[in-house]
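Observations on the three-dimensional arrangement
So you can see what is in the structure, the chains are spelled out below.
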Amino acid sequence: MTSSSDRSPAVDVLSTRTYEIRTYGCQMNVHDSERLAGLLEDAGYVRAPEGSDGEADVVVFNTCAVRENADNKLYGNLGHLAPKKASRPGMQIAVGGCLAQKDRDTIVKRAPWVDVVFGTHNIGKLPVLLERARVQEEAQVEIAESLEAFPSTLPTRRESAYAAWVSISVGCNNTCTFCIVPALRGKEKDRRPGDILAEIEALVAEGVSEITLLGQNVNAYGSDIGDREAFSKLLRACGKIDGLERVRFTSPHPRDFTDDVIAAMAETPNVMPQLHMPLQSGSDPVLKAMRRSYRQERFLGIIEKVRAAIPHAAISTDIIVGFPGETEEDFQQTLHVVREARFAQAFTFQYSKRPGTPAAEMDGQIPKKVVQERYERLVALQEEISWEENKKQVGRTLELMVAEGEGRKDDTTHRLSGRAPDNRLVHFTKPDQEVRPGDVVTVEVTYAAPHHLLAEGPVLDVRRTRAGDAWEKRTAEKAAKPAGVLLGLPKVGVPEPLPAVSGGCAVD
């Protein structure tokens, strides 16, 4: 613990205090930050105004530990805030997430102006720890070794009025040599199906029309409750929820991807024709070194079955280039799988040492120059395939869920943006009638680029939805009071199946 001289003096707790959350890493962290926001607002805090950049009364870092320089980023940001904190009585800084779970007391030793350190298993304690730090005027470091309560029981401030994450499990039972997540998130713990469905039904009642089922290894769901077909049953149960238009999930593991899941996807109308299936490497020796419990043939077999059952499915993946010991022949096998699988999109990463993982200590670390050259070849191939696959969409008529914040050039091009059922991003001509995020439009695709589609003709149909009503209601409520933004989180919009910010937590 640090002395009281390292913290800011106490302030009048009756005044309204603002908060800012900065989020790093995977979808699980993004969703955890929604919960942290809900907890703080339940405790009486309000969001800091947009662009406050460290001027909030409480700044929370929700950290990621899967990249080699994660700690450097954190301490650099903490150092930037140190003079602001010294000049602002009552300002508090909290650090949570995977890096906090890993480093624990090290954080307050290196940054003695930090007030609270909490881990991945006890995010619900944040308001109490902040208050304790304020009263006792010393840092509070509290790291639980196991999950205290399933996070979905906590209040949540969702970032979208019409789309939501729903956690079905936390933790992971795999032992991939490049990943530190199991050590920081713990073993897999599944929620009861009834609790999951009750949460989804409550969200739909609020106007949500799209949900994304979330887990570190989402399709292993059921291993903790003793039902190997629990995940496919859950998908089918989602199909019976009236008003739920779109169901997605991320991220599955090839080892646990069974035929009953493919059948449930194909036979449940509101389960979208989209699949994110992490490859990581196409080389059997590298997969073995990674402790990935499948091989190239098994992976391509899954892709073949999915395409047979769901012809228009868009399949995306994760690939790591330059894993220790990877030879040119190993890399060629990865390129072979990319050509065979024809992914709509691939999230590609240059191997980065994760401190605390077996791979970080392996022989055969690949020189940066070699990794970079292979990475560029992989990206060039995938760009070519993505463009070719997108060109196949030209002429198709698609139903899009209108999104907000997805099209960076929408204002200047007088377009709007939406997501197709297979999650492709489509920019379309703004119609004369009002269209709200959450509403559904029908368009014809006229042009394809590698990462998006265009529908330049007139909108064929507009369907106003309860989700659009929910967005309109939330917007009106924001306009009635000072608006803020939760810094570090994605803008309001349909949750992406995989943010391209990390090769971490939810990337299995």
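The rules behind the values
- Residues numbered from 1 in each chain as written.
- Predicted model: local features only at pLDDT ≥ 70, side-chain atom pairs only at ≥ 80, totals over all residues.
- Heavy atoms only, no water.
- UniProt positions renumbered as here; feature names shortened; annotations may be inferred.
- Axes fitted to C-alpha atoms, helices over the stretch in contact; angles between N-to-C directions.
- Helix = DSSP H or I, 4+ residues; strand = E, 2+ residues; numbered from the N terminus.
- Parallel < 35°, antiparallel > 145°, perpendicular 65-115°, else oblique.
- Left-handed = near helix turned anticlockwise from the far one by under 90°.
- Contact = heavy atoms within 4.5 Å.
- Nonpolar A, V, L, I, M, F, W, Y, C, P; charged D, E, K, R; others polar.
- Salt bridge = Lys/Arg side-chain N within 4 Å of Asp/Glu carboxyl O.
- Buried < 20%, exposed > 50% of the residue type's maximum accessible area, 1.4 Å probe, protein only.
- Expected span 1.5 Å × (residues − 1).
- Arc of directions from axis to C-beta.
- Pairing = 2+ DSSP bridges.

In the annotation of an unreviewed UniProt entry, the protein is listed under the name tRNA-2-methylthio-N(6)-dimethylallyladenosine synthase and assigned to Streptomyces cellulosae. Quoted verbatim from the Subcellular location (unreviewed entry) field of the UniProt record, the comment on the protein reads "Cytoplasm". The Subunit (unreviewed entry) field of the UniProt record for the protein holds the comment "Monomer."

Remark: helix H9 (residues 259-267) packs on helix H11 (residues 296-309), axes separated minimally by 10 Å, with the N-to-C direction vectors making an angle of 25°. In terms of orientation, H9 lies roughly parallel with respect to H11. You can see that H9 and H11 cross each other, and the crossing is right-handed. Note on element contacts: H11 touches H9 through Lys305, Val306 and Ala309, opposite Asp259, Ile262 and Ala266. Along the lines of polarity and charge, the residues of the contact of H9 with H11 split into four nonpolar, no polar and two charged.

So, about the pattern of salt bridges. Overall, the coordinates contain 30 salt bridges when judged by the stated rule. Residue Arg248 pairs with Glu210 through a salt bridge whose shortest N-O separation is 3.0 Å. Of this pair, Arg248 sits in strand S11 (residues 246-250) while Glu210 is found in strand S10 (residues 210-214), placing the two residues 38 residues apart along the sequence. Each member of the pair, Arg248 as well as Glu210, carries the same accessibility label: buried.

A separate point is helix H7 (residues 193-205). For the α-helix, the turn length of 3.6 residues means that residues three or four positions removed from each other point alike. If you check H7, its first and last C-alpha atoms are 18 Å apart, about what 13 residues at 1.5 Å a residue would give, namely 18 Å. All of the buried residues along H7 are Ile196, Leu197, Glu199, Ile200, Leu203 and Val204. Projected down its long axis, H7 shows its buried positions confined to an angular sector of 155°, all on one face. Next to the buried residues of H7 lie strand S7 (163-167), S10, helix H8 (230-238) and helix H15 (466-479). Downstream of H7 by a residue or two, Gly207 has a phi angle that is positive, lying close to 115°.

Right, let's talk about the side chain of Gln140 for a bit. Structurally, the position occupied by Gln140 is in strand S6 (residues 140-142). Looking at Gln140, the relative accessible area reads 7%, which means it is buried.

This part covers unusual backbone geometry. Following Thr250, the chain continues into Ser251 via a peptide bond in cis, with omega recorded as -10°. Structurally, Ser251 can be placed in the loop between S11 and H9. The backbone of Gln280 sits at a positive phi, close to 70°, despite the residue not being glycine. On the secondary structure map, Gln280 appears in the loop between strand S12 (274-276) and helix H10 (284-290). A residue is classified by how much of its surface remains accessible, and Gln280, at 1% relative accessible area, is buried. Despite not being glycine, His414 shows a phi value in the positive range, around 55°.

Residues given the UniProt feature "binding site: [4Fe-4S] cluster 1" (unreviewed entry) here are Cys26, Cys64 and Cys98. For the annotated residues, spread through 73 residues, the largest C-alpha to C-alpha distance comes to 10.7 Å, consistent with a single compact locus. Following the sequence through the fold, Cys26 ends up in the loop between strand S1 (18-23) and helix H1 (27-42). The topology assignment puts Cys98 in helix H3 (residues 98-103).

With their axes 10 Å apart at the nearest point, helix H12 (residues 328-341) and helix H13 (residues 368-391) run at an angle of 10° to one another. It follows from the interaxial angle that H12 and H13 lie roughly parallel. Packed against H12, whose contacting residues are Glu328, Phe331, Gln332, Leu335, Val338 and Arg339, the element H13 presents Arg374, Arg377, Leu378, Leu381, Gln382 and Ile385 at the interface. Of the residues assigned to the contact of H12 with H13, the class counts are six nonpolar, two polar and four charged.

Turning our eyes to something else, we now look at the sheet that holds strand S2 (residues 46-47). As summarised here, the arrangement of the six strands in space is S2-S1-S3-S4-S5-S6, forming an open sheet in which the pairing is parallel. The strands lining the two open edges of the sheet, one partner per strand, are S2 and S6. One ladder, built from three bridges, connects strand S5 (residues 116-118) with S6; its direction is parallel. By the bridge assignment for S6, Val116 is matched with Gln140. The strands that H1 touches are S1, S2, strand S3 (58-63) and S5; relative to S1, the one it contacts most, it runs at about 170°.

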